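# Residue-level structure breakdown
The residues making up each chain are set out below.
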Amino acid sequence: MEGGAGRGLGCQKIMDGKVNNGNSSNKVVPSCCLKAMASTPELDAKCHSTVVSGWFSDSQSSPDKAAKVLYFNNPMWPGEAHSLKVEKILFKEKSEFQEILVFESSTYGKVLVLDGIVQLTEKDECAYQEMITHLPLCSIQSPKKVLVVGGGDGGVLREISRHDSVELIDICEIDKMVIDVSKKFFPELHLGFEDPRVQLHIGDAAEFLRCVPEGKYDAIIVDSSDPVGPAQELVERPFFETTARALRPGGVLCSMAESMWLHTHLIQDMISICRDTFKGSVHYAWASVPTYPSGVIGFLICSTEGPPVDFFNPVNPIEKLEGALKYRRELRFYNSEVHSAAFALPSFLKREVTLLRGSPNPVQRICVN
């Protein structure tokens, strides 16, 4: 996961220079972009009145502090909140880039939080990590060189390690403290770093990609946090252009692409940029992750010009990779059926994101012996 949150979020249309015409006072700002307001001192004083940013005490009258029940509440999406009951705060510290929290919840196990935003929980991390990894890697034959942008918790590395064709796994993470915290509190994710094919690079991913030889990678996976602070540039045109340059012909990108329930205008703009940049194909997929805002997360998946990529029907099915289903940890969410189903889009999304209206429906290939 790359970057932090709460340091100013701009609408992607503004980021890409499409709407910033000097009349911003007349524009209606989408509600999802209002989440940056949660970082203002005035609202911070109202929302964060107890332990630390994003932590709340239940409104009990008992003077006994031990009797109070703590909750984690995410104030970054106006008008909604998802609370997790806290059993114990395990870690809280500020790195050079963001505030890092780890707590033990009563129902989702340990939880990793960056700048007030839940990044993963032990219970449902499988859905995000498995989908963002295997959607691209199972769509191409024998991937050999893979780059992970962000992903300091190690979960994506763990999933890439299931693919024995992979020879090199580069990872560029800006915040070393995320890696260290994961090693201590999330060893089942951090084990991804133990793979000898992994080469760790600490630094800015955009700068790293600018120095990468053209066509180096078969696949690039962008495991970023929300597009705010240092992570904002990971959804802008220059980053996608350098990413496309680093991929071989027919290479694939998979990037976190927000929630279809909250961020359709961001999805529209990201797809628009990628269709201009990647000359192969561009699609949107999604998965259910209960502890993410609205309970779902999207993935933007693209291919560069070259050998055509059929994202809907995995040509490198995980079920046929020897030992992959149970490598270190049994797959809990992803399979080939879920892969194809992830590209089936709700009608409202196709109406609101005009660039998706022509998207074909995925067709599952059924083999009868």
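Residues numbered from 1 in each chain as written. Predicted model: local features only at pLDDT ≥ 70, side-chain atom pairs only at ≥ 80, totals over all residues. Heavy atoms only, no water.

### Overview of the nonpolar core
The criterion, for reference: Take the buried Ala, Val, Leu, Ile, Met, Phe, Trp, Tyr and Cys residues and link them wherever side-chain atoms come within 4.5 Å; each set so joined is a nonpolar core. Buried means the residue's accessible area, taken with a 1.4 Å probe over protein chains only, is under 20% of the maximum for its type, while exposed means over 50%, and partly exposed covers the values in between. A run of H or I in DSSP counts as a helix once it spans at least four residues, and a run of E counts as a strand once it spans at least two, with each numbered from the N terminus.
Counting residues in each nonpolar core, the largest one holds 41 residues, and the members touching the most others are Tyr 128, Leu 135, Ile 160 and Phe 299. Secondary structure elements with two or more residues in this core: helix H3 (125-137), strand E7 (145-150), helix H4 (155-160), strand E8 (168-173), strand E10 (217-223), strand E11 (247-256), strand E12 (281-288) and strand E13 (296-303). A total of six residues in this core trace back to one element, the largest contributor, which is H3. Core analysis: the next-biggest nonpolar cluster, separate from the first, contains 35 residues, Phe 208, Val 212, Ala 244 and Phe 348 among them.

### Describing the environment of Ile 221
Rules: Contacts: residue pairs with any heavy atoms within 4.5 Å of one another.
You can see Ile 221 is positioned in strand E10. Judged by relative accessible area, which is 0%, Ile 221 ranks as buried. Each residue touching Ile 221, except ones within four places of it in the same chain, is listed here: Ile 132, Thr 133, Pro 136, Val 146, Leu 147, Val 148, Val 149, Val 156, Ile 160 and Cys 254.

### Looking at H3
Rules: Given a helix with a known number of residues, its expected span is that number minus one, times 1.5 Å. What we call the bend at a residue is the angle made by axes fitted to the seven residues finishing there and the seven residues starting there.
Compared with the 18 Å implied by 1.5 Å per residue over 13 residues, the 18 Å span of H3 between its first and last C-alpha is a close match. Residue Met 131 marks the point of greatest curvature in H3, where the axis turns by about 25 degrees. Within H3, 13 of the 13 residues are buried, which leaves the element mostly enclosed by the surrounding structure.

### Description of the packing of helix H8 (residues 237-246) against helix H9 (residues 264-277)
We apply this condition: Axis definition: a line fit to C-alpha positions, over the contact stretch in the case of helices; interaxial angles, taken between N-to-C directions, run 0 to 180 degrees. Any angle that falls under 35 degrees is termed roughly parallel, while one over 145 is termed roughly antiparallel, one within 65 to 115 roughly perpendicular, and all others oblique. We call a crossing left-handed when the near helix sits turned anticlockwise from the far one by less than a right angle, and right-handed when that turn is clockwise. Each residue is assigned to one class: nonpolar for Ala, Val, Leu, Ile, Met, Phe, Trp, Tyr, Cys and Pro, charged for Asp, Glu, Lys and Arg, and polar for all the others, Gly among them.
For the pair H8 and H9, interaxial distance at closest approach is 10 Å and the crossing angle is 40 degrees. Classified by the angle their axes make, H8 and H9 are oblique. In this structure, the crossing between H8 and H9 has a hand that is right-handed. On the side of H8, the interface is formed by Arg 237, Phe 240, Glu 241 and Ala 244, while H9 contributes Met 270, Ile 273, Cys 274, Asp 276 and Thr 277. When its residues are assigned to classes, the contact of H8 with H9 shows five nonpolar, one polar and three charged.

### A look at the environment of Ala 127
The topology assignment puts Ala 127 in helix H3. Accessibility expressed as a relative area gives 3% for Ala 127, which makes it buried. When the C-alpha positions of Ala 127 and Ser 288 are compared, they lie 7.0 Å apart, and in sequence the two are 161 residues distant. For Ala 127, the contacting residues outside a window of four places in its chain are Ser 288, Val 289 and Phe 333.

### A closer look at the confidence of the model for the chain
Any region with low pLDDT has predicted coordinates that should not be read closely. Basically, it comes down to this: Known as pLDDT, the predictor's per-residue confidence is scaled from 0 to 100.
When pLDDT is averaged across the chain, the result is 81; 73% of the residues are at 70 or more. In the predicted structure, residues 2-27 sits below a pLDDT of 50 and forms 74 contacts with residues beyond four places in sequence or in another chain. Segment residues 29-63 is flagged for pLDDT under 50; beyond a separation of four residues in sequence, or across chains, it makes 68 contacts in the model.

### What about helix H5 (residues 176-185)?
Three or four residues apart is the spacing at which side chains of an α-helix point the same way, because the helix has 3.6 residues per turn. Using the following cut-off: Polar contacts here mean pairs of N or O atoms no more than 3.5 Å apart (in protein, one a potential hydrogen donor and the other a potential acceptor; neighbouring residues in sequence count only if both atoms are side-chain atoms).
Of all the residues in H5, the buried ones are Met 177, Val 178, Ile 179, Val 181, Ser 182 and Phe 185. The inward-facing, buried residues of H5 abut strand E3 (83-94), strand E4 (99-105), strand E5 (110-114), E8, helix H6 (187-190) and strand E9 (198-202). N-cap assignment for H5: the residue whose side-chain oxygen lies 3.1 Å from the backbone N of Met 177 is Asp 175.

### A few points about the side chain of Ser 139
Structurally, Ser 139 is set in the loop between H3 and E7. When neighbours within four sequence positions are excluded, Ser 139 is seen to be in contact with His 134, Val 309, Asp 310, Phe 311, Val 315 and His 339.

### Section: the pattern of salt bridges
Under the convention used in this document: The salt bridge definition used is simple: a Lys or Arg side-chain nitrogen within 4 Å of an Asp or Glu carboxyl oxygen.
This structure, assessed with the given rule, holds 14 salt bridges. The closest approach of N and O atoms between Asp 170 and Lys 216, which form a salt bridge, is 3.4 Å. Of this pair, Asp 170 sits in strand E8 while Lys 216 is found in the loop between helix H7 (205-210) and E10, placing the two residues 46 residues apart along the sequence. Its relative accessible area of 27% is what places Lys 216 among the partly exposed residues. Here the salt bridges do not stand alone but share partners, grouping Glu 125, Glu 130, Arg 158, Glu 159, Arg 162 and Arg 329 into one network.

### Some thoughts on unusual backbone geometry
A positive phi angle, near 45 degrees, is found at Ser 142, a position not held by glycine. Among the structural elements, Ser 142 can be located in the loop between H3 and E7. The phi dihedral of Ser 294 falls on the positive side, at around 75 degrees, and the residue is not glycine. Within the element layout of this structure, Ser 294 appears in the loop between E12 and E13.

### Regarding the state of the cysteines
Two cysteines, two sulfur atoms, one covalent bond between them: this is a disulfide. Stated precisely, the cut-off is as follows: Cysteine sulfurs are considered disulfide-paired once they come within 2.5 Å of each other.
According to the stated counting rule, one finds zero disulfides in the structure shown. Of the cysteine sulfurs around Cys 274, a residue in no disulfide, the closest is that of Cys 302, at 4.0 Å.

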